[in-house]
There are 2 protein chains.
Amino acid sequence: MIDHYPGRQGGSPLILPRLEPVTWRKWQRGAPLTQTQHARWTVDGFLVHQELFTAAELACFQEEAARLAEDARVLADESAITERGSGALRSLFRPQAHSALVRRLMQDPRILDIVEYLLDSPVYVHQSRINYKPAFRGREFWWHSDFETWHHEDGLPGMRTISVSISLTDNTPYNGPLLLIPGSHRWYVSCPTPTPPDHFRASLREQTVGTPDEGSLRRLAERGVEAVTGPAGLVTFFDCNTMHGSPGNITPWPRSNLFFVYNSVHNTPEAPFGGQPPRPAFVAERRDFTPLGRAGTTTPA
Amino acid sequence: MIDHYPGRQGGSPLILPRLEPVTWRKWQRGAPLTQTQHARWTVDGFLVHQELFTAAELACFQEEAARLAEDARVLADESAITERGSGALRSLFRPQAHSALVRRLMQDPRILDIVEYLLDSPVYVHQSRINYKPAFRGREFWWHSDFETWHHEDGLPGMRTISVSISLTDNTPYNGPLLLIPGSHRWYVSCPTPTPPDHFRASLREQTVGTPDEGSLRRLAERGVEAVTGPAGLVTFFDCNTMHGSPGNITPWPRSNLFFVYNSVHNTPEAPFGGQPPRPAFVAERRDFTPLGRAGTTTPA
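Residues numbered from 1 in each chain as written. Chains lettered and ligands numbered in written order. Predicted model: local features only at pLDDT ≥ 70, side-chain atom pairs only at ≥ 80, totals over all residues. Heavy atoms only, no water.

What follows is about the sheet that holds strand E3 (residues 80–82) of chain A. Residues and elements named next belong to chain A. Reading across the sheet, the seven strands line up as E2-E11-E7-E13-E5-E4-E3 and stay open at both edges, with antiparallel pairing between neighbours. Either end of the sheet is taken by a strand with one partner, and the two such strands are strand E2 (46–49) and E3. Shown here is a sheet whose adjacent strand axes are inclined to one another by a mean of 15 degrees, direction ignored. Strand direction decides the pairing type here: strand E7 (residues 161–167) and strand E13 (residues 255–264), joined by seven bridges, are antiparallel. In the strand pairing of E13, Ile-166 is matched with Leu-258. (Pairing = 2+ DSSP bridges. Helix = DSSP H or I, 4+ residues; strand = E, 2+ residues; numbered from the N terminus. Axes fitted to C-alpha atoms, helices over the stretch in contact; angles between N-to-C directions.)

This part covers the pairing of strand E11 (residues 235–239) of chain A. All names here are of chain A. Counting buried positions over the five residues of E11 gives five, a clear majority of the element. Side chains Val-235, Phe-237 and Asp-239 project from E11 onto one buried face, and the interleaved Thr-236 and Phe-238 project onto a second face that is buried too. The pairing of E2 with E11 spans four bridges and is classified as antiparallel. Bridged to Val-48 within E11 is Thr-236. Here five bridges tie E7 to E11, and the two strands are oriented antiparallel to one another. Within E11, the position partnered with Ser-163 by the bridge is Phe-238. (Buried < 20%, exposed > 50% of the residue type's maximum accessible area, 1.4 Å probe, protein only.)

Here the focus is empty space enclosed by the protein. All names here are of chain B. All told, the structure shown has six cavities of 30 Å³ or more when counted by the stated rule. In this model, the largest cavity occupies a volume close to 450 Å³. What lines the largest cavity is a set of 27 residues, and nearest its centre among them are Arg-129, Phe-141, His-144, Asp-146 and His-244. At the level of elements, strand E4 (89–93), strand E5 (123–133), strand E6 (141–144), helix H6 (146–154), strand E12 (244–246) and strand E13 (255–264) are the ones that each hand at least two residues to the lining of the largest cavity. Here the lining of the largest cavity is built from residues that sort into seven nonpolar, 13 polar and seven charged. By volume, the second largest cavity amounts to about 60 Å³. (1 Å grid on protein atoms, 1.4 Å probe; cavity = no way out; pocket = protein on both sides within 12 Å on 5 of 7 lines; lining within 4 Å. Points joined across faces, edges and corners; volume = space filled by probe spheres on them. Nonpolar A, V, L, I, M, F, W, Y, C, P; charged D, E, K, R; others polar.)

Moving on: the relation of the copies chain A and chain B. Turning one copy of the chain about an axis and sliding it along that axis gives the other copy, so a rotation and a shift relate them. Expressed as a screw operation, the relation of chain A to chain B combines 0.0 Å of axial shift with a rotation of 180 degrees, fitting to an RMSD of 0.0 Å. Expressed as an axis order, the relation between the two copies is that of a two-fold axis. Both copies contact each other with a shared surface, as 100% of the interface residues of chain A are interface residues in chain B too. (Least-squares fit on C-alpha atoms with pLDDT ≥ 70 in both. Contact = heavy atoms within 4.5 Å.)

Residues and elements named next belong to chain B. The seven strands are arranged E2-E11-E7-E13-E5-E4-E3 in an open sheet whose pairing can be described as antiparallel. Single-partner strands in this sheet number two, and they are strand E2 (46–49) and strand E3 (80–82). Pairs of neighbouring strands in the sheet enclose a mean axial angle of 15 degrees, with direction left out of account. As defined by bridge partners, E5 adjoins E13 across ten bridges and the pair is classed as antiparallel. Opposite Ile-130, over in E13, you have Leu-258 as the bridge partner. Of the strands in this sheet, E2, strand E7 (161–167) and strand E11 (235–239) are in contact with helix H1 (residues 35–44), which crosses E2 at around 140 degrees.

Residue-level contacts link 27 residues of chain A with 27 residues of chain B. Buried area between chain A and chain B, summed over both chains or domains, comes out near 2200 Å², and the portion from carbon and sulfur atoms is 68%. Three residues stand out in chain A for area buried against chain B, namely Phe-136, Tyr-174 and Ile-250 of chain A, and they jointly supply 33% of the buried area on that side. Run the count over chain A and chain B and you get two salt bridges. Linking Arg-137 of chain A and Glu-214 of chain B is a salt bridge whose minimum nitrogen-to-oxygen distance equals 3.3 Å. Summed over the shared surface of chain A and chain B, the result is eight residue pairs in polar contact (both at pLDDT 80 or more). Of all the elements in the fold, those that place two or more residues in the side of chain A that touches chain B are strand E6 (141–144), helix H8 (214–220) and strand E12 (244–246) of chain A. (Buried area = accessible area lost by both parts, 1.4 Å probe. Salt bridge = Lys/Arg side-chain N within 4 Å of Asp/Glu carboxyl O. Polar contact = N/O pair within 3.5 Å; in protein donor to acceptor, adjacent residues only side chain to side chain.)

Here Ala-72 of chain A is to be found in helix H3 (residues 72–75). In sequence terms Ala-72 of chain A and Val-228 of chain A are 156 residues apart; their C-alpha atoms lie 32 Å from each other.

To continue, consider the packing of aromatic side chains. Aromatic ring pairs: the centre-centre distance and the angle between the two ring planes describe each pair. Overall, the coordinates contain 18 aromatic pairs over all chains when judged by the stated rule. On the numbers, 5.1 Å between centres and 80 degrees between planes, the contact of Tyr-5 of chain B with Phe-147 of chain B is edge-to-face. Taken together, the residues span a long stretch of sequence, with Tyr-5 of chain B in the segment before strand E1 (15–17) and Phe-147 of chain B in helix H6 at a distance of 142 residues. This pair shows no difference in class: Tyr-5 of chain B is buried, exactly as Phe-147 of chain B is. Where Phe-93 of chain B meets Phe-282 of chain B, the ring centres are 5.8 Å apart and the plane angle is 70 degrees; that geometry is what we call edge-to-face. Remark: Phe-282 of chain B occurs in the segment after E13 and Phe-93 of chain B occurs in strand E4; sequence separation between them is 189 residues. Pair check on accessibility: Phe-93 of chain B and Phe-282 of chain B agree, each one buried. Looking at Arg-137 of chain A, its charged tip hangs above the ring of Trp-142 of chain B, at a distance of 3.8 Å from the centre. (Phe/Tyr/Trp six-rings, centres within 6.5 Å; stacked < 30°, edge-to-face > 60°. Lys NZ or Arg CZ within 6 Å of the ring centre and 35° of its normal.)

Right, let's talk about the pattern of salt bridges for a bit. This structure, assessed with the given rule, holds 30 salt bridges over all chains. Among the salt bridges present, the one from Asp-71 of chain A reaches Arg-67 of chain A, with a minimum N-O distance of 3.9 Å. Arg-8 of chain B is the partner of Glu-153 of chain B in a salt bridge, and the nearest nitrogen-oxygen pair spans 2.6 Å. Of this pair, Glu-153 of chain B sits in helix H6 while Arg-8 of chain B sits in the segment before E1, and the two are 145 residues apart along the sequence. Here Glu-153 of chain B matches Arg-8 of chain B in class, with each residue buried. Overlapping salt bridges bring together Arg-8, Glu-148, Glu-153, Asp-154 and Arg-279 of chain A as one network.

What follows covers unusual backbone geometry. In this model, Arg-8 of chain A sits at a positive phi of 60 degrees, which is unusual for a non-glycine residue. Residue Arg-8 of chain A is classed as buried on the basis of its relative accessible area of 4%.

A word on the pairing of E5 of chain B. Look at any regular strand and the pattern is simple: side chains alternate between the two faces of the sheet. Residue and element names in this part refer to chain B. Along E5, eleven of the eleven residues are buried, which leaves the element largely enclosed by surrounding structure. In the sheet, E4 pairs with E5 via three bridges, with the strands oriented antiparallel. Residue pairing across strands places Phe-93 opposite Arg-129, the latter belonging to E5.

The structure is reproduced here in structure tokens:
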């Protein structure tokens with residue numbers, strides 16, 4: 001298979017144009033988002049919804065995330081990733097394996113309708129996790145395009161994938177919010193450093209491979225950087241190739257979110273393009289590409 | 001000499017009340033700050049001035065800081081502290097040793113009038129530096145009270161010291177702004193970890209001793225945390241014991257400031273209370289306590 005997005009092979013970084021559409025379906029009446037939202041998606045590569053879920057639903061999600069973080073069986077699993085230094089829980093991958101509520105939320109029509117419309121395709125979940133950015137000691141995530149990693153480490157051939165983040169805590173400017181570079185999704189920035197063997201374990205704690213160079217970032221960020229801030233319950237949709245990162249958190253307030261990655265069933269993984277064996281199933285789905293169906297309501301009756 | 005602010009001797013952290021006044025002189029007509037500013041100083045422990053200097057003056061400060069950061073002789077000096085990892089310039093101590101402009105600015109009446117009024121005392125400079133928080137790679141400063149360090153590592157007996165920070169770049173919420181805990185200056189939080197020998201070199205890069213515990217911080221921060229943001233030229237006055245920190249900077253925009261510490265001539269250093277030998281003169285003045293006189297204008301004629 002031809003690799004349209006080369007990288008991880010040494011040399012100098014390249015900025016290449018994106019080959020796939022950003023918005024796979026034109027806006028029309030009856031779409032699950034407004035015409036303005038649809039246009040913003042195309043231009044910016046992300047979209048923030050303030051009120052997709054009710055306060056009662058949000059409270060359920062919060063309780064469930066807290067419950068999982070204290071479940072000894074969950075914590076003992078390899079899908080539970082702790083912070084360097086403090087040992088606090090940083091990410092729990094595949095939370096749906098431990099939670100019917102998360103399984104339902106993943107299939108909520110309010111999310112799926114938008115994702116499937118923008119990708120014009122049925123989808124399955126490529127990756128899912130709960131991110132816990134602890135108070136005081138939450139470390140930064142440096143700038144990266146998720147697609148770059150999913151292409152080179154998981155084998156996703158092209159850009160037909162959308163991430164959805166549901167904030168479980170207030171996102172202030174100071175507790176390590178998501179920062180996005182608007183418009184960056186239109187460009188692929190190659191990262192020359194080759195992938196070391198068994199790289200993924202360290203990368204889940206701190207990413208050092210698959211991070212773009214400062215010169216490319218400066219060019220992408222000429223229009224500025226935007227932060228996702230607001231009360232808990234924000235739902236952020238962002239394109240797989242939108243450059244993003246988040247600062248560390250030294251405040252007494254944690255920052256947590258649920259994170260689902262929806263991939264088109266027409267974009268299922270090949271052998272990883274970076275040359276190493278694929279990452280394990282809890283990080284990247286490679287077997288079950290069954291299109292997601294719609295779940296009922298996510299609140300208990 | 002009795003140590004009224006014990007610490008660095010193991011055991012559990014203590015929160016003790018501050019013994020010295022915050023504001024040494026009552027407000028009266030003719031004071032160099034308004035009655036509201038005076039009251040805010042007492043309650044919050046900091047004060048931000050938006051327009052103390054003109055745009056032309058600010059441009060001079062910025063040019064001077066840039067010039068110093070590229071002067072090979074300056075960079076070769078032990079007072080030039082680089083970032084762990086990247087080697088970029090993080091702090092230049094005692095910049096007045098290399099710059100007549102900085103010497104004049106340090107003695108500017110617009111700063112000195114306020115500082116001397118609040119401390120009701122002539123002052124000298126205990127420490128001064130330019131902080132360069134580089135774009136992309138500027139590391140965080142964790143929460144700390146400067147007084148805790150100046151007491152245990154430099155021997156300042158009590159709290160009669162004011163820091164002044166002049167921002168040389170825009171301070172956005174995302175390029176690692178100064179975060180302050182309002183009201184925290186009224187409490188002394190002891191830090192039990194003993195000072196290791198020759199600790200100061202590592203501490204100028206990343207502070208690990210002299211940092212308060214999370215429980216104490218949570219109590220101090222019940223009223224919240226405030227950030228200093230705004231265009232370049234902000235002048236922040238803060239009490240020596242106001243708890244502060246700043247997040248890392250992953251944005252493409254650096255954050256720099258000039259930083260002067262004014263100590264009352266009635267509060268000159270004793271032997272360090274932490275039991276180690278004093279830090280070198282470029283970090284903490286211990287010889288020349290001549291009260292500062294007033295400089296003329298800081299802009300070239």
